[in-house]
Amino acid sequence: MTAPATSARPRIGISSCLLGRPVRHDGGHKRDAYLCEVLGSVFEWVPGCPETAIGLGIPRKPIHLRRFGERIRVVEVDDPAHDVTDALADEAARSLQTVVPLAGYVLKQGSPSCGLHGVRVHDREGTHPAREGRGGFAAELARLAPLLPLAEETQLHDPRQRQHFIWRALAYHRWQQLAEDGMRPRDLVDFHTRHKYLLMAHDQEAYRRLGPLVSQAGNSGSFKELSNNYIALFMSTMRNVASPGQHANALQHMAGYFSDSIEAHDRTELGEAIEAYRLAQLPLAMPVALLRHHLRRHPQTHLEQQLYLDPTAFI
Ligand code: SF4
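Quick caveat: nothing in here was measured; it's all calculated off a predicted structure.

**Quick word on the overall build of the protein**
Here is step 1: Regarding its fold elements, the protein presents 13 helices and 8 strands.
Here is step 2: Projected onto the principal axes, the alpha-carbon positions of the protein cover approximately 70 × 50 × 40 Å.
Here is step 3: Within the protein, buried positions represent 47% of all 315 residues.
Here is step 4: Surface summary for the protein: the accessible area is close to 15,000 Å², and the carbon and sulfur share equals 49%.
Here is step 5: Both charge centroids of the protein, one from 36 positive and one from 35 negative side chains, sit 1 Å from each other.

**Examining unusual backbone geometry**
Here is step 1: Cis rather than trans, the peptide bond between I58 and P59 has omega equal to -5°.
Here is step 2: A positive phi angle, close to 65°, is found at A280, a residue other than glycine.
Here is step 3: You can see A280 is positioned in the loop between α11 (264–278) and α12 (285–297).

**Structural notes on the site of the ligand**
Here is step 1: Close to the ligand lie 14 residues, the nearest being C17, C49, E51, S111 and C114.
Here is step 2: Across the shell around the ligand, the residue classes break down as 5 nonpolar, 5 polar and 4 charged.

**Examining the environment of D260**
Here is step 1: In this fold, D260 is placed in the loop between α10 (244–255) and α11.
Here is step 2: Separated by 207 residues in sequence, D260 and A53 place their C-alpha atoms 59 Å apart.

**Some words on the pairing of strand β3 (residues 63–68)**
Here is step 1: Alignment of β3 against strand β4 (residues 71–76), held across 6 bridges, turns out to be antiparallel. Paired with L65 across the two strands is V74, which belongs to β4.
Here is step 2: Counting the residues in the hairpin turn of β3 and β4 gives 2 residues, including G69, whose phi is positive at 65°.
Here is step 3: Two strands pair when backbone bridges link them, and β3 and strand β6 (residues 119–122) are joined in this way by 2 bridges, in the parallel orientation. Bridge assignment links R66 to a residue of β6, and that residue is H122.

Calculation rules
- Residues numbered from 1 in each chain as written.
- Predicted model: local features only at pLDDT ≥ 70, side-chain atom pairs only at ≥ 80, totals over all residues.
- Heavy atoms only, no water.
- Helix = DSSP H or I, 4+ residues; strand = E, 2+ residues; numbered from the N terminus.
- Buried < 20%, exposed > 50% of the residue type's maximum accessible area, 1.4 Å probe, protein only.
- Areas by Shrake-Rupley, 256 points an atom, 1.4 Å probe, with all protein chains shown as cover.
- Lys, Arg positive; Asp, Glu negative; His and termini not counted.
- Charge placed at Lys NZ, Arg CZ, Asp CG, Glu CD.
- Near = heavy atom within 4 Å.
- Nonpolar A, V, L, I, M, F, W, Y, C, P; charged D, E, K, R; others polar.
- Pairing = 2+ DSSP bridges.

Here it is, written out as C-alpha cells:
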C-alpha cells in the first residue's frame, strides 16, 4: 500500500542527538527533555544524524568549520585534508526527499554539521574561532528549502520563538496538505483567511500585498505560479518574530469582534490583558486565552478559524 503523502501531525526533521540517540562523535547524546516530552505531542519527529549518515562512525574524529580564503569547509580537526562538506550537502538533499514532506527542521546548536547560527569558524591553521558560521548540513538545508521553517533547539526554549516556529510549521504543513490534495483557488482564499491575524501581526504591509494575489486566484492563467508566489511571500513574511506591539495590534483587531457582545467590564479586562502583554507583564497566552474564552460564549466563525488562536502554539 502506498504511504499517504501527508500526515496528521507536521513531520519535523530533527538532529537525532536531541532525541537522546547516542550519535555524537564521542558516543554521547544531547537529549532535550522539552522537545522529547512536550513538543513531541505536537510534531512527529523525523530524526537524522548527518555525520553518521555520511559514514562517519561512532565514535569518530571531531570535525569543525575552517576558513580557506572565501570558502568555509567542514573538515576533520586533526586532518583538514579530510573534507566532508560535499558529503554533508548531499545528505541535506537526501533528507528532503522524504515520501511525506517535512514541515520544518530542528537543529543542534553549535554543531559544525547541524548548527544554524553562530557556529565557530576557525582560521586556516585551525585556531582563532569566530562565531560566524553555519553547519554544513544546515547551510545546504536552508539553501535547498528556503521556505522550510528552521530552528535550533535553544530557540524553542524561548516561548516567543517557540510559538513562532510552531505557527510557521503548522501553516506550512497545512499548505503542503492542500498542495497534495490539489489546491483550488478557494483553498487559497481559505488559507489566507485562516492566517489573517498571524500575517497582520508579522507584517501588515505584506498582508496587504498578499491580498491581491488571493483575489486574482480564480482569474489567473497560471494558478500554480500564483500559489507558488503566494506561499513564498507568506513564508518570508512569517520569517521574523513579531514584536509585542505588532501582536497587541492584531489582538486588538480580534477583540473588536466582541465590542457589542461582551459586558463593559469584560471588554476592559481584555483590553488590559492586551496592554499588559504589550508591556511584557503577561505572556501572549493570557490575552489569547481570554479571546478564546469569549469566543466560546460568542461564536465568530472568522475568529474560530484563525491559526493565531490555536492552543497548540501555546504549549
Ligand atoms: S549535532 Fe547533528 S551531526 Fe552532530 S551528533 Fe547531533 S545529529 Fe549528529
